[in-house]
Amino acid sequence: MTATLLAALAKLLSGASVRWIDCQPDTCQRVYFANHTSHLDALVVWAALPHEVRMLTRPVAAKDYWEGGRLRRYLATRVFDALLIDRKDIKVHQSPVDLMIREIGETKSLIVFPEGSRGTDGIGEFKSGLYYLSKKRPDLELVPVHIDNLNRVLPRGEFLPVPLLSCISFGPPMWLESGEPKADFLLRAREAVRRLKEV
Amino acid sequence: MADGKTLALVGGVLVLLAAATGAGQFLKLYPESGLNAAVVRSFNLRLRAWWLMCSVLAAALLIGDTATVVLFGAISFWALREFITLTPTRLGDHRALFWVFVLFTPLQYVLIGRMRHSRYELYNVLIPVYAFLFILARVAVSGDYKRFLERTAKIQAGLLICVYCLSFAPALLYLDLKPGESQGANVRLLFFFILMVQVSDGLHFLWSRLVGRHVIAAAISPSKTWEGFLGGTASATLLGAALWWATPFEPWGAAGISLLISVMGFAGGMTMSAIKRDRGVKDYGTLVEGHGGVLDRIDSLCFAAPVVFHVMQLFFPLQQP
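Just so it is clear, the model here is predicted, and its values are computed rather than measured.

Scoring rules and cut-offs
Along each chain, residues carry numbers from 1 onward, in the same order as the chain's sequence is written. Both sets of labels track the order of writing: A upward for chains, 1 upward for ligands. Totals for whole chains, interfaces and linings use every residue, but because this is a predicted model, local features are given only for residues with pLDDT of at least 70 and side-chain atom pairs only at 80 or more, for both listing and counting. Each side-chain value is worked out from all heavy atoms of the structure, with water and hydrogens disregarded. Labels follow the DSSP assignment, with helices taken as runs of H or I lasting at least four residues and strands as runs of E lasting at least two, numbered in each case from the N terminus. The quantity called the radius of gyration is restricted to C-alpha atoms. Its globule counterpart is 2.2 Å times the number of residues to the power 0.38. The criterion used for residue contact is that any of the two residues' heavy atoms lie within 4.5 Å. Areas reported here follow the Shrake-Rupley algorithm with a probe of radius 1.4 Å; residue values treat only the protein chains shown as occluding. For each residue, the accessible area found with a 1.4 Å probe, counting protein chains only, is set against the maximum for its type, and the residue is called buried under 20%, exposed over 50%, and partly exposed in between. The charge count treats Lys and Arg as positive and Asp and Glu as negative. His and the chain ends do not count. The atoms used to mark charge sites are NZ of Lys, CZ of Arg, CG of Asp and CD of Glu. Buried area, as used here, totals the accessible surface that two parts lose on assembly, with accessibility defined by a 1.4 Å probe and the loss added over both. Any Lys or Arg side-chain nitrogen found within 4 Å of a carboxyl oxygen on Asp or Glu counts as a salt bridge. Like-charged residues within 9 Å of one another, or nonpolar side chains (Val, Leu, Ile, Met, Phe, Trp, Tyr) within 5 Å, are grouped into patches, provided each residue has over 30% relative accessible area and no salt bridge. For every element, the axis is a line fit to its C-alpha atoms; helices are fit only across the contacting stretch, and the angle between N-to-C directions ranges from 0 to 180 degrees. Angles below 35 degrees are treated as roughly parallel, those above 145 as roughly antiparallel, those between 65 and 115 as roughly perpendicular, and all remaining angles as oblique. Following the grouping adopted for this structure description, the nonpolar residues are Ala, Val, Leu, Ile, Met, Phe, Trp, Tyr, Cys and Pro, the charged ones are Asp, Glu, Lys and Arg, and the polar ones are all others, Gly among them. pLDDT measures the predictor's confidence residue by residue and takes values from 0 up to 100. Criterion used throughout: strands pair if DSSP finds at least two bridges between them. Here a polar contact is taken to be a pair of N or O atoms separated by no more than 3.5 Å, where protein atoms must pair a possible hydrogen donor with a possible acceptor and residues adjacent in sequence count only if both atoms sit in side chains. Take the far helix as the reference: if the near one is turned anticlockwise from it by less than a right angle, the crossing is left-handed, and if turned clockwise, right-handed.

Looking only at helices and strands, chain A has 9 helices and 7 strands in total. At 16 Å, chain A has a C-alpha radius of gyration in line with the 16 Å of a compact globule built from 199 residues. Residue pairs in contact within chain A that sit at least 24 positions apart in sequence constitute 74% of those at least 6 positions apart. For chain A, the accessible area works out to roughly 9,600 Å², and carbon and sulfur atoms hold 55% of it.

Laid out in structure tokens, this is it:
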């Protein structure tokens with residue numbers, strides 16, 4: 001109930017139009033990977049999914065931001081059930097990738113932002129988490145997502161949003177090819193996101 | 001409100017729309033009639049937008065003045081979203097934009113809705129004075145001086161066109177017309193105004209297509225010609241005069257107001273085309289897919305509304321002693 005309300009509010013506020021390009025909404029296990037532009041990203045991509053898919057999808061978000069303040073913590077843990085990752089304290093035996101694999105089980109999907117932090121211009125280099133995730137769970141469908149204009153709705157360092165219009169595009173699923181080198185795969189994934197901007 | 005004149009005006013529009021829809025469907029079903037399929041499609045799309053506009057407006061007018069003001073406020077809000085989304089802004093503009101959306105836009109419509117109760121006509125100056133100065137100062141305080149005048153002017157222009165100008169359309173509901181006129185007269189005036197803006201748009205387009213030879217500004221809009229402008233304006237003026245019985249005017253007054261609406265509507269369409277050309281988009285709808293271009297539909301309304309409101313206050317004996 002709260003989740004549906006929050007999703008509707010997020011859609012209204014971000015004026016997000018949603019496009020599915022060579023891709024259909026599905027409840028199968030997926031990893032949605034998107035460019036990172038704003039603190040609203042995780043929330044808006046999550047809200048852009050249809051209800052049944054949304055209920056099975058957990059955004060991966062930064063612990064330091066979403067645990068700052070009571071409202072944010074409530075939203076992240078109770079409403080959109082985010083998987084909070086500590087960016088400052090990454091342990092070897094408890095890597096974020098292992099945590100993600102453990103948390104999704106056999107049913108849930110994830111929303112990740114492989115750039116790690118928000119880029120200033122264009123899409124930054126992808127970190128290797130997406131590669132390791134895919135190597136350990138090759139059955140997961142990787143769906144590229146492009147987020148357009150949301151950085152103007154809530155830019156870095158601002159806390160009040162300006163209700164402009166944004167656009168969320170979901171692209172065709174991809175997988176890690178067998179024997180594909182890490183750098184090639186990460187470049188291909190980044191290109192898949194970037195390409196959605198031009199469609 | 002449902003007096004004979006209103007019924008005649010609204011009924012006439014409905015009959016016309018129904019006839020046009022019938023013709024559009026006929027042309028779609030029988031493509032061998034010789035008309036360009038793209039033209040027929042655009043005609044049908046335009047008609048659908050008209051039906052939508054008519055039904056939304058009718059619903060708002062039936063519920064009451066406040067609902068109409070709220071409806072126009074929502075349209076302004078959406079149009080401003082499109083305008084600012086299209087316009088590149090910098091981080092330093094963020095706080096100013098926040099207040100533009102959250103404070104000035106709703107406040108302008110609150111002032112319009114409370115027009116009858118306020119002693120001083122604040123709705124006339126809120127945006128051109130207070131918002132104008134606020135935007136300059138707020139952007140300056142943010143500390144980013146790059147292309148300062150250009151950036152502030154863009155925000156000011158967006159707010160003026162999408163919010164300030166459009167808000168004078170529902171303001172027509174609050175004019176004190178001649179004594180003896182019922183409240184229905186205001187509703188009819190607003191309906192007449194919107195009808196004339198739309199009809200005049202259509203007539204400009206039609207005349208341009210039929211006899212257009214001399215393009216006015218090819219770089220901005222290759223489909224707008226002097227023949228279209230003159231023919232469209234003249235025929236809209238005649239049509240407006242013929243509808244004088246539904247307005248608070250005498251035939252001459254109705255013709256004058258219609259002439260004004262037609263010229264201003266044309267200016268609005270031209271101006272918005274220039275902005276779109278500069279930003280390299282065909283219409284505001286393609287900017288963010290899935291969102292119909294609200295701004296494309298209201299450009300003529302925005303330009304005509306404040307001038308009609310102002311001229312009516314100047315030249316028509318609204319408040320008799």
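Turning next to the overall build of chain B. Of regular secondary structure, chain B possesses 11 helices and 0 strands. Shown N-terminal to C-terminal, the secondary structure of chain B runs as helices and strands in the order α-α-α-α-α-α-α-α-α-α-α. For 321 residues, the compact-globule estimate of 2.2 N^0.38 gives 20 Å, and chain B sits close to it at 20 Å. For chain B, the spread of C-alpha atoms along the principal axes amounts to about 60 × 55 × 35 Å. Every one of the 321 residues in chain B was classed for burial, and the buried ones make up 47%. Here the analysis covers contacts within chain B between residues at least 6 apart in sequence; of these, 71% occur between residues at least 24 apart. With 26 positive and 18 negative side-chain charges, chain B shows a spacing of 5 Å between the two charge centroids.

For the rest of this paragraph, the subject is the interface of chain A and chain B. Across the contact, 24 residues belong to chain A and 18 residues belong to chain B. Across the chain A to chain B interface the summed buried area is about 1,600 Å²; carbon plus sulfur atoms make up 61%. Area buried by chain A at its contact with chain B is led by Arg152(A), Pro163(A) and Leu165(A), which between them contribute 37% of it. At the boundary of chain A with chain B, the tally comes to 1 salt bridge. In this structure, Glu158(A) and Arg95(B) form a salt bridge, with 2.5 Å as the shortest nitrogen-oxygen distance.

This next bit is on a nonpolar patch on the surface. All names here are of chain B. A surface patch of nonpolar side chains, amounting to about 370 Å² of accessible area, comprises Val129, Tyr130, Phe132 and Leu133. Summarising the element assignment, Leu133 is placed in helix 5 (residues 126-141). Among the residues examined, Leu133 registers a relative accessible area of 48% and is labelled partly exposed.

Moving on, we get to the packing of helix 1 (residues 2-14) of chain A against helix 2 (residues 41-48) of chain A. All names here are of chain A. Here helix 1 crosses helix 2 at 110°, and the two axes come no closer than 9 Å. Judged by the angle between their axes, helix 1 and helix 2 are roughly perpendicular. From helix 1, Ala3, Leu6, Ala7, Ala10, Lys11 and Ser14 reach across to helix 2, where they touch Leu43, Val44, Trp46 and Ala47. Across the contact of helix 1 with helix 2, the residue classes break down as 8 nonpolar, 1 polar and 1 charged.

The next point concerns the pattern of salt bridges. Residue and element names in this part refer to chain A. Evaluated as defined, the whole model comprises 17 salt bridges over all chains. Two residues, Asp98 and Lys136, come together in a salt bridge whose shortest N-O distance is 2.9 Å. One end of the pair, Asp98, is in helix 6 (residues 96-104); the other, Lys136, is in helix 7 (residues 129-136), and 38 residues separate them in sequence. A residue is classified by how much of its surface remains accessible, and Asp98, at 28% relative accessible area, is partly exposed. One continuous salt-bridge network, built from bridges that share partners, spans Arg58, Asp81, Glu103 and Lys108.

Let us now look at the confidence of the model for chain A. When pLDDT is averaged across chain A, the result is 88; 95% of the residues are at 70 or more. Across chain A, strand 2 (residues 30-34) of chain A holds the top mean pLDDT of 95, while helix 4 (residues 63-66) of chain A sits lowest at 83.

Residue and element names in this part refer to chain A. The 7 strands are arranged 1-7-6-2-5-3-4 in an open sheet whose pairing can be described as mixed. On the outer flanks of this sheet lie strand 1 (16-20) and strand 4 (83-85), each paired with one strand and no other. Looking at each pair of strands side by side, their axes are set apart by 20° on average, direction ignored. Across 3 bridges, strand 2 lies against strand 5 (residues 109-112) in parallel orientation. Pairing of Tyr32 across the sheet is with Ile111, part of strand 5. Contacts between helix 7 and the sheet are confined to strand 2, strand 5 and strand 6 (141-148), with strand 2 contributing the most and set at about 170° to the helix.

Our focus in this paragraph is the side chain of Thr247(B). Residues and elements named next belong to chain B. Looking at where Thr247 falls in the secondary structure, it is placed in the loop between helix 8 (226-242) and helix 9 (251-279). On the accessibility criterion, Thr247 (6% relative accessible area) is buried. For Thr247, the side chain forms a polar contact with the main-chain oxygen of Trp244, separated by 2.8 Å. For Thr247, the side chain forms a polar contact with the main-chain nitrogen of Phe249, separated by 3.1 Å. Beyond its immediate chain neighbours, meaning those up to four positions away, Thr247 contacts Phe192 and Ala254.

Let us look at the pairing of strand 2 of chain A. Moving residue by residue along a regular strand, the side chains alternate between the two faces of the sheet. Residue and element names in this part refer to chain A. By the criterion of burial, strand 2 is predominantly enclosed, with 5 of the 5 residues buried. Residue alternation in strand 2 divides its side chains into two sets, Arg30, Tyr32 and Ala34 and Val31 and Phe33, and both sets are buried. As paired elements, strand 2 and strand 6 share 5 bridges and run parallel to each other. Paired with Arg30 across the two strands is Glu141, which belongs to strand 6.

Here chain B shows a mean pLDDT of 87. Residues at 70 or above account for 91%. This complex was scored by the predictor with a pTM of 0.87 and an ipTM of 0.84.

Let us look at the packing of helix 7 (residues 184-211) of chain B against helix 11 (residues 294-315) of chain B. All names here are of chain B. At a minimum axis separation of 10 Å, helix 7 and helix 11 run at an interaxial angle of 130°. One finds that helix 7 runs oblique with respect to helix 11. Read as a crossing pair, helix 7 and helix 11 show a hand that is right-handed. Packed against helix 7, whose contacting residues are Leu189, Phe193, Ile194, Val197, Gln198 and Asp201, the element helix 11 presents Arg297, Ser300, Leu301, Ala304, Ala305, Val308 and Met312 at the interface. By residue class, the composition of the contact of helix 7 with helix 11 is 9 nonpolar, 2 polar and 2 charged.

Once that is clear, we can look at helix 2 of chain A. For helix 2 of chain A, a buried count of 8 out of 8 residues is recorded, marking the element as mostly surrounded by other parts of the structure. Asp41(A), Ala42(A), Leu43(A), Val44(A), Val45(A), Trp46(A), Ala47(A) and Ala48(A) are the residues of helix 2 of chain A that are buried.

Moving on, we get to the pairing of strand 6 of chain A. Residues and elements named next belong to chain A. Strand 6 sits mainly inside the fold: 7 of its 8 residues count as buried. Bridge count between strand 6 and strand 7 (residues 166-170): 4 bridges; the pairing is antiparallel. Its bridge partner lying in strand 7, Asp148 is registered against Cys167.

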